[in-house]
Each structure stands twice: as C-alpha cells, then as structure tokens.
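Reading the structure
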Amino acid sequence: MVDDAFDALADGHRRRLLLSLLDHNPQDVSTVDGIPWEVAEIDDELTRKYHVHLPKLVDYGYIEWHREDGTVVKGPRFDEIRPLLELLDDHRDELPDGWS
C-alpha cells in the first residue's frame, strides 16, 4: 500500500492530477497542468500519459477514469493516499519547484 502511494506520487503528472482531485471531483483530464492528456501520435509524452499514467492510477484504485467524457474521479482507494496529498498541498510553498 505505501509502495503504491509513493509510486503513484513519483511522477509529476500523476501527482498534480491526484492533488487536483482534492478540490475538484470530477476532474477533466484535459485541463490538468494545462496540457492535454489525450492520445496524440505526434507527442510521445501525451501518449505516455494516456497509456501509462492514467492506467497506473486506475490500477492502484486512486482514480476511476471515464474515457468517454475525458474525466477522472476519486477511486475507491483515494482516501488511502489523501494524507500524503494533503501534506504536499499544505506545504506547497516549502517544497522545491515541481514537487506539487
């Protein structure tokens, strides 16, 4: 469980998506980071988000991904990661750039 949480938070895109769910549930994945999360064949990073990051968070149970409307909502295990997210959120100004 702890390893899942740290793995989920290890990537900035996943971290920002999870943090955004603290305040806004559901979350439109196209607005997180101001970077589209849709598949784009010309951009490997966008494809990776779609094929790696979102499925990983679904597998951990932290989100439910509604592909048809491009939204995510808190998953059944979101409350397990909530304390870490709140800690990051509460100390945003004290963390190095890019941590939240």
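What counts as what
Residues numbered from 1 in each chain as written. Predicted model: local features only at pLDDT ≥ 70, side-chain atom pairs only at ≥ 80, totals over all residues. Heavy atoms only, no water. Buried < 20%, exposed > 50% of the residue type's maximum accessible area, 1.4 Å probe, protein only. Helix = DSSP H or I, 4+ residues; strand = E, 2+ residues; numbered from the N terminus. Arc of directions from axis to C-beta. Salt bridge = Lys/Arg side-chain N within 4 Å of Asp/Glu carboxyl O. Core = buried A, V, L, I, M, F, W, Y, C linked by side-chain atoms within 4.5 Å.

**What to know about helix H1 (residues 2-9)**
Among the residues of H1, Ala5, Ala8 and Leu9 are the ones counted as buried. Axial view of H1: buried residues confined to an arc of 95°, hence all on one face. In this structure, H1 carries Asp3 and Phe6 as exposed residues pointing more than 90 degrees from its buried face.

**Side note on the pattern of salt bridges**
If you walk through the whole model with that rule in mind, you get five salt bridges. Notably, a salt bridge pairs aspartate 7 with lysine 56, separated by 3.0 Å at the nearest N-O pair. Of the two residues, aspartate 7 is situated in helix H1 and lysine 56 in helix H3 (residues 44-60); the sequence distance between them amounts to 49 residues. Here lysine 56 falls in the partly exposed class, since its relative accessible area comes to 24%. What you see here is one network of salt bridges that share partners, running through Asp4, Arg77 and Glu80.

**Looking at the nonpolar core**
The biggest cluster of nonpolar side chains holds 20 residues, and the ones touching the most others in it are Leu18, Tyr62, Ile63, Val72, Ile81 and Leu85. Of all elements in the fold, only H1, helix H2 (12-23), H3, strand E2 (63-66) and helix H4 (78-90) reach the threshold of two or more residues within this core. Here the element with the most residues in this core is H2; it accounts for five residues.

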